[in-house]
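Residue strings, one per chain:
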Amino acid sequence: AGKGFLRSQGAAQETLEIKEFQGSEYIFIRRETRGEAAVQILKPALEKVIRNLSFPKNMRWGDYELRYARPLRWIVALFGPETIPVQVGAVNGGRISSGHRQLSPEPIEIKRPGEYVSLLKEHYVLVDAAERQNTIWNQIEHLAQKNKGRLRKDKRLLEEVTNLVEYPTAFCGEFSQDYLEVPAEVLITAMKGHQRYFPLEDETGELLPKFIGVRNGADNHLKKVIKGNEKVLAARLDDARFFFEEDSQIPLEDNLERLKGVVFQDGLGSMFEKVERIVRLSSLIAERLGLAAQKDNILRCATLAKTDLVTQMVYEFPELQGVMGEKYALLQGEDPKVALGIREHYQPRFSGDAVPGTIEGAIVSLADKSDTLFGYFAIGHVPTGSQDPFALRRQAYGVVQALIEKDLPFSLQDLIDLTAQCYQNITLAPEQCFALKEFILARLRVRLLNQGHSYDLIDAVLASGDDRITKLVKKTQTLSQFQQTPDFKDLLTAFERMSHLAGRTDQGELDQTVFQKADRDFLSAFQELKRTCRKQLAAGRYGQALINLAKFRGPVDQFFKEAMIMDKNPAIRQNRLTLLKSAVDVYRLYGDFGLIVGNK
């Protein structure tokens, strides 16, 4: 091993040193690496960083090979007063920058990095993103108060606007009161999504006919800027009002036929076929849960859930899917729970989003997401690494959230089997079914980690083979609490002593003709543990089950004290290994405690 170490380091035996480290002696070699000039090290490092910046969309311009989000005009690269000779595409590093293109377009020479921020600020560019964001928020808050309105802080919009401007100046504009007849969600989406405006509302939360925008520049000619923005927004809102009025005249049910022309996914049929599957699966879930009283509403919600996808409003504003379905359903006299369920069935849309509040929305949401996951796994569109183009992780997380927060007693296998009944020509192979369950359980693992549970406790519980999400959550919570008790050590010790030897044998038949007293005593104690734990686990009394598993350390210690497990007699040895393995299997009904890091 020592010679291999020397060869890997290209060192001679004479250069060896022996040093003590944490109570043991180790072989060391001493190697001296001469330093290089910082500029020479920084050049390739910076070039790599700049070239590898990732953007959703890249472009190539002119005859240059470099693809980037925007054309690179200049690069300022300095180490103290020295220029770093960075080269990216046709652009070389230097010390010349530029200020705001309208307010200060002349070149700026930067002599040292320390003067960069202050010098750019003199030329109407706020380099520091945090300073820009604070400036924007303070300005729009002041304008909101001045116009007797309130703001809902939208972190995503604020960050986007922060990165769109160099020198922010906020302004307040208005639009016609008549547009307030259109649902507020439509107006807000038009303002935020298309124009990056901040909507204003009154003290009761009602939308005001005002908005706050942020220009990239100073306050010169601000009145003209405001009028221009008001004109652009009016055109957007005119379109929105037209779409709303046109869509309102068409019954949602009439849109079902048009869904036949909308492809859900190549290989999985049209959106109309998906709706048929959702209706069928929602019916099966409702029947399994005994929701006879709500079943009509659930099926009506499932039938209409996707009908707003072919409306003009959702075509123009895709983020309003579900929202507009609710609005149109209410206008057309649908049950309010059905209408709200249409909106809610897309939830949760993102991590941290609420699950549907209505049983209609919850069942249709679960059916929709289960159908999507089953279908995509069946045709081989499984996420790999960081690639998840169909947002299947989000769909799986939604299934986990719905099962937990609505306390639905389904096992994943139950849900997959029900979903399979709704597909006619597509099935999951056993390995695909296993992969889908593991995929969903991985989302559960993320949720439990985010709640502060230790990774090893989570892994121990998930290794039990149980796929009932609600049960796994309760098991993990109980185990986390039990870890803080003195009995936890007894639990681990008993499991580790038995599993260490039990892994050396396959399950065999007990030969009681060679039983000794220690064997009979252990068998009796084990059988009592098995009966008790099975009942407690079935009843969800997980804390009591853990206490009994911990108390079993007594019989384990006694067995090891009185019996030689690896007896020379093969029959006796096999008996004792089988007894240990059987006991370990009882522990594993709760989880694989061997995955727990015992010395934390």
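For the structure, check the block above.
As the structure is a prediction and not an experimental result, all values here were calculated from the model.

Our focus in this paragraph is the overall build of the chain. From N to C terminus, the chain includes 23 helices and 14 strands. On C-alpha atoms alone, the chain measures out to a radius of gyration of 33 Å, which is more than a quarter above the 25 Å that the 2.2 N^0.38 rule sets for 600 residues. Considering only C-alpha atoms, the chain reaches an extent of 100 × 85 × 45 Å along its principal axes. Counting every position in the chain, which comprises 600 residues, the buried fraction comes to 45%.

Quick look at the pattern of salt bridges now. Inspection of every chain in the model, using the stated rule, returns 37 salt bridges. Between Lys327 and Glu185 there is a salt bridge, with the nearest N and O atoms lying 3.4 Å from each other. Taken as a pair, Lys327 in helix 11 (residues 323-331) and Glu185 in helix 6 (residues 184-195) lie far apart in primary sequence, 142 residues in all. Its relative accessible area of 22% is what places Glu185 among the partly exposed residues. Residues participating in the shared-partner salt-bridge network are Lys274, Arg277, Lys306, Asp368 and Asp371.

This part is about the packing of helix 11 against helix 12 (residues 336-344). To describe two helices that pack against each other, one gives the angle between their axes and the distance between the axes. Viewed as axis vectors pointing N to C, helix 11 and helix 12 meet at an angle of 165 degrees, and their least axial separation amounts to 7 Å. Taken together, the axes of helix 11 and helix 12 lie roughly antiparallel to each other. Considering the relative orientation of helix 11 and helix 12, their crossing is right-handed. Packed against helix 11, whose contacting residues are Val323, Gly325, Glu326, Lys327, Ala329 and Leu330, the element helix 12 presents Pro336, Ala339, Leu340, Ile342 and Arg343 at the interface. For the contact of helix 11 with helix 12, the class distribution of residues is seven nonpolar, one polar and three charged.

Take helix 21 (residues 542-551) next. Along helix 21, the residues that are buried comprise Tyr542, Ala545, Leu546, Asn548, Leu549 and Ala550. Where helix 21 is buried, its residues touch helix 18 (469-482), helix 19 (487-502), helix 20 (517-538), helix 22 (553-562) and helix 23 (570-587).

Our focus in this paragraph is the packing of aromatic side chains. For the structure on display, the rule yields 21 aromatic pairs. Ring geometry for Phe495 and Phe593: centres 5.7 Å apart, planes at 75 degrees, overall edge-to-face. Linking Phe495 in helix 19 with Phe593 in the segment after helix 23, this pair joins segments that are 98 residues apart in sequence. Assigned by exposure class, Phe495 and Phe593 land together as buried. Through a chain of ring-to-ring contacts, three or more aromatic side chains come together here, namely Phe495, Phe522, Tyr542, Phe552, Phe559, Tyr587, Tyr590 and Phe593. The side chain of Lys19 reaches across the aromatic face of Phe28, ending 5.2 Å from its centre. The positively charged end of Lys153 is found above the aromatic ring belonging to Trp137, 4.8 Å away from the centroid.

The strand order 3-7-6 describes an open sheet built from three strands, whose pairing is mixed. Both edges of this open sheet fall to strand 3 (75-76) and strand 6 (87-88), since each of them pairs with a single strand only. In terms of strand pairing, strand 6 meets strand 7 (residues 91-94) through two bridges, oriented antiparallel. When the sheet's bridge partners are listed, Gln87 is paired in strand 7 with Asn92.

This paragraph deals with unusual backbone geometry. Cis geometry marks the peptide bond from Gln347 to Pro348; its omega dihedral reads -5 degrees. With respect to the helices and strands, Pro348 occurs in the loop between helix 12 and helix 13 (359-378). Positive phi, close to 60 degrees, is recorded for Arg196, a residue that is not glycine. Topologically, Arg196 is positioned in the loop between helix 6 and strand 11 (198-201).

This next bit is on the pairing of strand 11. Side chains Phe198 and Leu200 of strand 11 all project onto a buried face; the interleaved residues Pro199 and Glu201 project onto the opposite face, where all are buried too. Across three bridges, strand 11 lies against strand 12 (residues 207-216) in antiparallel orientation. Across the sheet, Glu201 pairs through a bridge with Leu207, a residue of strand 12. If you look at the hairpin formed by strand 11 and strand 12, you'll find five residues sitting between the two strands, and Gly205 has a positive phi there, around 95 degrees.

What follows concerns the nonpolar core. Core analysis: the biggest nonpolar cluster contains 129 residues, and Leu444, Leu479, Leu491, Leu549, Tyr587 and Phe593 have the highest contact counts within it. Top contributing element to this core by residue count: helix 13, with nine residues. With near-sequence residues (within four places) excluded, Leu549 lies in contact with Leu491, Leu529, Cys533, Val586, Tyr587, Tyr590 and Phe593. Judged by nonpolar contacts, the second largest core, of 17 residues, contains Ile140, Val165, Leu200 and Ile212.

A few words now on a negative patch on the surface. A contiguous patch of negative charge, built from Asp178, Glu181, Glu245 and Glu246, is present on the exposed surface. With respect to the helices and strands, the residue Glu181 is situated in the loop between strand 10 (168-174) and helix 6. Its relative accessible area of 63% is what places Glu181 among the exposed residues.

On to the sheet that holds strand 12, then. Whether parallel or antiparallel, the strands of a sheet pair through hydrogen bonds between backbone atoms. Judged by pairing direction, the sheet is antiparallel, and its three strands sit side by side in the order 10-12-11 without closing on themselves. One side of each edge strand has no neighbouring strand; the edge strands of this open sheet are strand 10 and strand 11. Strand after strand, the sheet turns through a mean of 30 degrees between neighbouring axes, direction not considered. The sheet strands contacting helix 4 (residues 129-146) are strand 10, strand 11 and strand 12, and the helix crosses strand 10 at an angle near 30 degrees. Here helix 6 sits on the sheet and contacts strand 11 and strand 12; the angle it forms with strand 12, its principal contact strand, is near 10 degrees.

So, about the environment of Lys146. For Lys146, the location among the structural elements is in helix 4. Lys146 sits in the exposed class, given a relative accessible area of 62%. Along the primary structure Lys146 and Gly290 are separated by 144 residues, whereas in three dimensions their C-alpha atoms are 55 Å apart.

Further remarks concern a nonpolar patch on the surface. On the surface, Phe21, Tyr26 and Phe28 cluster together into a nonpolar patch covering about 290 Å² of accessible area. Tracing the sequence through the fold places Phe28 in strand 2 (residues 24-29). Under the relative-accessibility criterion, Phe28 is labelled partly exposed at 30%.

Calculation rules
- Residues numbered from 1 in each chain as written.
- Predicted model: local features only at pLDDT ≥ 70, side-chain atom pairs only at ≥ 80, totals over all residues.
- Heavy atoms only, no water.
- Helix = DSSP H or I, 4+ residues; strand = E, 2+ residues; numbered from the N terminus.
- Rg over C-alpha atoms; globule rule 2.2 N^0.38 Å.
- Buried < 20%, exposed > 50% of the residue type's maximum accessible area, 1.4 Å probe, protein only.
- Salt bridge = Lys/Arg side-chain N within 4 Å of Asp/Glu carboxyl O.
- Axes fitted to C-alpha atoms, helices over the stretch in contact; angles between N-to-C directions.
- Parallel < 35°, antiparallel > 145°, perpendicular 65-115°, else oblique.
- Left-handed = near helix turned anticlockwise from the far one by under 90°.
- Contact = heavy atoms within 4.5 Å.
- Nonpolar A, V, L, I, M, F, W, Y, C, P; charged D, E, K, R; others polar.
- Phe/Tyr/Trp six-rings, centres within 6.5 Å; stacked < 30°, edge-to-face > 60°.
- Lys NZ or Arg CZ within 6 Å of the ring centre and 35° of its normal.
- Pairing = 2+ DSSP bridges.
- Core = buried A, V, L, I, M, F, W, Y, C linked by side-chain atoms within 4.5 Å.
- Patch = residues over 30% accessible without salt bridge, like charges linked within 9 Å, V, L, I, M, F, W, Y side chains within 5 Å.
- Areas by Shrake-Rupley, 256 points an atom, 1.4 Å probe, with all protein chains shown as cover.
- Lys, Arg positive; Asp, Glu negative; His and termini not counted.
- Charge placed at Lys NZ, Arg CZ, Asp CG, Glu CD.

Any link to function would need more than the numbers given here.
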